[in-house]
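Topology and contacts: notes
Listed here are the chains, written in short residue letters.
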Amino acid sequence: MFRKPISLILIFVFAFSFAQTEYKTESNISYYPEKINKTDTYIRSQCQLNFYYPANVKNFPTVIWFHGGGLTGGTNELPKELLEQNIAVVSVEYRLAPKVKAPAYIEDAAAATAWVFNNIEKYGGNKNLIFQSGHSAGGYLAMMVTLDKKYLQKYNIDADQIAALIPFSGQAITHFQIRKEQGIPELQPTIDQYAPLFHVRKDAPPIVLITGDRELELFGRYEENAYLARMLNLVKHPSVKLLEEEGFDHVSMAKPGFFILLKEVQDLTKKIKSGKSIK
């Protein structure tokens, strides 16, 4: 396990775009099959994604981005920090509480991920270069889809095909909204089937856990991620980083987090394309 505090003066922009690259955006793509959309009006209206990609580049990496909002709000806007970086970005909208309860949110995240795996090569992307990320509740969804393999198995996809998991301040215990649905207070921590910590495993993809300053973060978000990193280390997971952004709170940590995400995607993409092991 690698743990390193990150301060503002150590953050650099690792832009690897090219001036001649042409980018296209396709919006409001339904990621569930039409037969499901026809039978569920909420899925039809809510379960959509925006797809931004370099149109004249081949073999590009893709970042799947899940927005935050406590599983009760938020929108699937494309993060501007990830644009024009010679990568594709998929921003995902998913169903929200109180209209649905767990595991609907996670099922939506898996369905969107499956759409990317099944379609990215049509646009010139590389299905071996699909990265999971998101902020807060979105980081939690990325963690669950990657660590609990059953959600992607429904689509005959092995979660270990994900190139890396890079969540921003994701909840590692059972998400507080799901605990609320169970009648559990938000400050009473639990670890059950809806907790990334419950699904710690040695053979998961490379993991980079990014949080804000432990003294400024939401509740115990840094400590949750530190515990997850520790347990992954104990089961001998070969590629785990825990990065703490000093001086940044739960919200402000996202901006420098994007620079870290881009650097990790760049480094891992080079290793994968060169045939080097990333585990």
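This structure is a prediction, so every number in the text was calculated from the model and none was measured.

1. Focus on the overall build of the protein
- Regarding its fold elements, the protein presents 8 helices and 9 strands.
- Along the three orthogonal principal directions, the C-alpha set of the protein runs to about 50 × 50 × 30 Å.
- When each of the 279 residues of the protein is scored for burial, the buried share is 58%.
- Put simply, 77% of the contacts in the protein that link residues at least 6 apart link residues at least 24 apart.
- When the accessible surface of the protein is totalled, it reaches about 12,000 Å², and 52% of it is carbon and sulfur.
- Looking at the protein, you have 32 positive and 29 negative side-chain charges, and the mean spots of the two groups are 6 Å apart.

2. A closer look at the nonpolar core
- Formed by 64 residues in total, the largest nonpolar core has its most connected members in Y31, F51, Y105, I106 and L141.
- Broken down by element, the residue count for this core peaks at 11 residues, all from helix α3 (residues 104-119).
- Dropping the residues within four chain positions of it, I106 is found in contact with Y140, L141, M144, V145, Y151 and Y194.
- Ranked by size, the runner-up nonpolar core spans 25 residues in total, among them V89, A164, F168 and F258.

3. Focus on the environment of G70
- Along the chain, G70 turns up in the loop between β4 (60-66) and β5 (88-92).
- Residue G70 is classed as buried on the basis of its relative accessible area of 12%.
- A sequence separation of 67 residues divides G70 from A137, and the C-alpha atoms of the two residues are 5.2 Å apart.
- Sequence-distant contacts of G70, that is, excluding residues within four places in its chain, are made with A137, H175, F176 and Q177.

4. Some remarks on the pairing of strand β9 (residues 240-245)
- Counted residue by residue, β9 has 5 buried out of 6 residues, so it is predominantly covered.
- Bridging between strand β8 (residues 207-212) and β9 involves 6 bridges; their strand directions are parallel. Across the sheet, residue I207 finds its bridge partner in β9, namely V240.
- Read from β8 through helix α7 (residues 221-234) to β9, the crossover connection turns out right-handed.

5. Digging into the side chain of T21
- Summarising the element assignment, T21 is placed in the loop between β1 (2-6) and β2 (23-30).
- Using a relative accessible area of 12% as the deciding quantity, one classes T21 as buried.

6. Some remarks on the packing of α3 against helix α4 (residues 137-147)
- Two elements in contact, α3 and α4, have axes whose closest approach is 9 Å; the angle formed by their N-to-C orientations is 70°. With respect to each other, α3 and α4 are oriented roughly perpendicular. Residue-level inspection shows Y105, I106, A109, A110 and T113 of α3 in contact with α4, the latter providing Y140, L141, M144 and V145.

7. A closer look at the pairing of β5
- Counting buried positions over the 5 residues of β5 gives 5, a clear majority of the element.
- The alternating pattern of β5 places A88, V90 and V92 and V89 and S91 on opposite faces, both of which are buried.
- Two strands pair when backbone bridges link them, and strand β3 (residues 48-54) and β5 are joined in this way by 4 bridges, in the antiparallel orientation. Counterpart to L49 in the pairing with β5 is V92.
- Note that β4 and β5 share 5 bridges and pair parallel. Bridging from a neighbouring strand, T62 pairs with A88 of β5.

8. Observations regarding the confidence of the model for the protein
- Here the protein averages 94 in pLDDT, and 92% of its residues register 70 or above.
- Predicted confidence is poor over residues 8-18, with pLDDT under 50, and the contacts of this stretch with residues over four places away or in other chains come to 23 contacts.

9. Side note on the packing of aromatic side chains
- Here the structure, examined in full by the defined rule, presents 9 aromatic pairs.
- Put simply, the rings of F51, Y53, W115 and Y123 touch in pairs and so form one group of aromatic residues.

10. Digging into the environment of K58
- Here K58 lies in the loop between β3 and β4.
- Classification of K58 by relative accessible area gives exposed; the value is 63%.
- Residues K58 and R95 lie 37 residues apart in sequence; the distance between their C-alpha atoms is 32 Å.

11. Some words on a nonpolar patch on the surface
- On the surface, a nonpolar cluster with roughly 310 Å² of combined accessible area is contributed by I191, F198 and Y227.
- With respect to the helices, strands and loops of the structure, I191 is situated in the loop between α6 (176-181) and β8.
- Residue I191 is classed as partly exposed on the basis of its relative accessible area of 42%.

Calculation rules
- One numbering rule holds for all chains: residues counted from 1, following each sequence as written.
- Where local features are concerned, this predicted model is filtered to residues with pLDDT of at least 70; where side-chain atom pairs are given and counted, the filter is 80 or more; whole-chain, interface and lining totals use all residues.
- Excluded from the side-chain calculation are hydrogens and water; included are all heavy atoms of the structure.
- Numbering of helices and strands runs from the N terminus, with a helix taken as a DSSP run of H or I at least four residues long and a strand as a DSSP run of E at least two residues long.
- For every residue, the accessible area (1.4 Å probe, protein chains only) is compared with the maximum for its type, and the residue is labelled buried under 20%, exposed over 50%, or partly exposed between those bounds.
- Two residues form a contact once any of their heavy atoms are found within 4.5 Å.
- Computed with a 1.4 Å probe, the accessible areas rest on the Shrake-Rupley method; for each residue, only the protein chains presented here act as cover.
- In this charge count, Lys and Arg are treated as positive and Asp and Glu as negative; neither His nor the chain ends contribute.
- For the purpose of locating charges, the reference atoms are NZ of Lys, CZ of Arg, CG of Asp and CD of Glu.
- Among buried residues, the Ala, Val, Leu, Ile, Met, Phe, Trp, Tyr and Cys ones that are joined through side-chain atoms within 4.5 Å form a nonpolar core.
- When DSSP finds at least two bridges between two strands, those strands are taken to pair.
- Whether a crossover is right-handed depends on one test, that the path from the first strand over the helix to the second runs clockwise when the strands point away from the viewer.
- Axis lines are fitted through C-alpha atoms, for helices just across the contact stretch, and the angle between N-to-C directions can take any value from 0 to 180 degrees.
- Any angle that falls under 35 degrees is termed roughly parallel, while one over 145 is termed roughly antiparallel, one within 65 to 115 roughly perpendicular, and all others oblique.
- The quantity known as pLDDT measures the predictor's confidence residue by residue, on a range of 0 to 100.
- Only the six-membered ring of Trp is used, alongside the rings of Phe and Tyr, when aromatic pairs are assigned; centres must lie within 6.5 Å, and planes under 30 degrees apart are stacked while those over 60 apart are edge-to-face, with the rest tilted.
- Patch rule: a residue counts if its relative accessible area is over 30% and it has no salt bridge; like charges are joined within 9 Å, and nonpolar side chains (Val, Leu, Ile, Met, Phe, Trp, Tyr) within 5 Å.
- By definition, a salt bridge exists where a carboxyl oxygen of Asp or Glu is found within 4 Å of a side-chain nitrogen of Lys or Arg.

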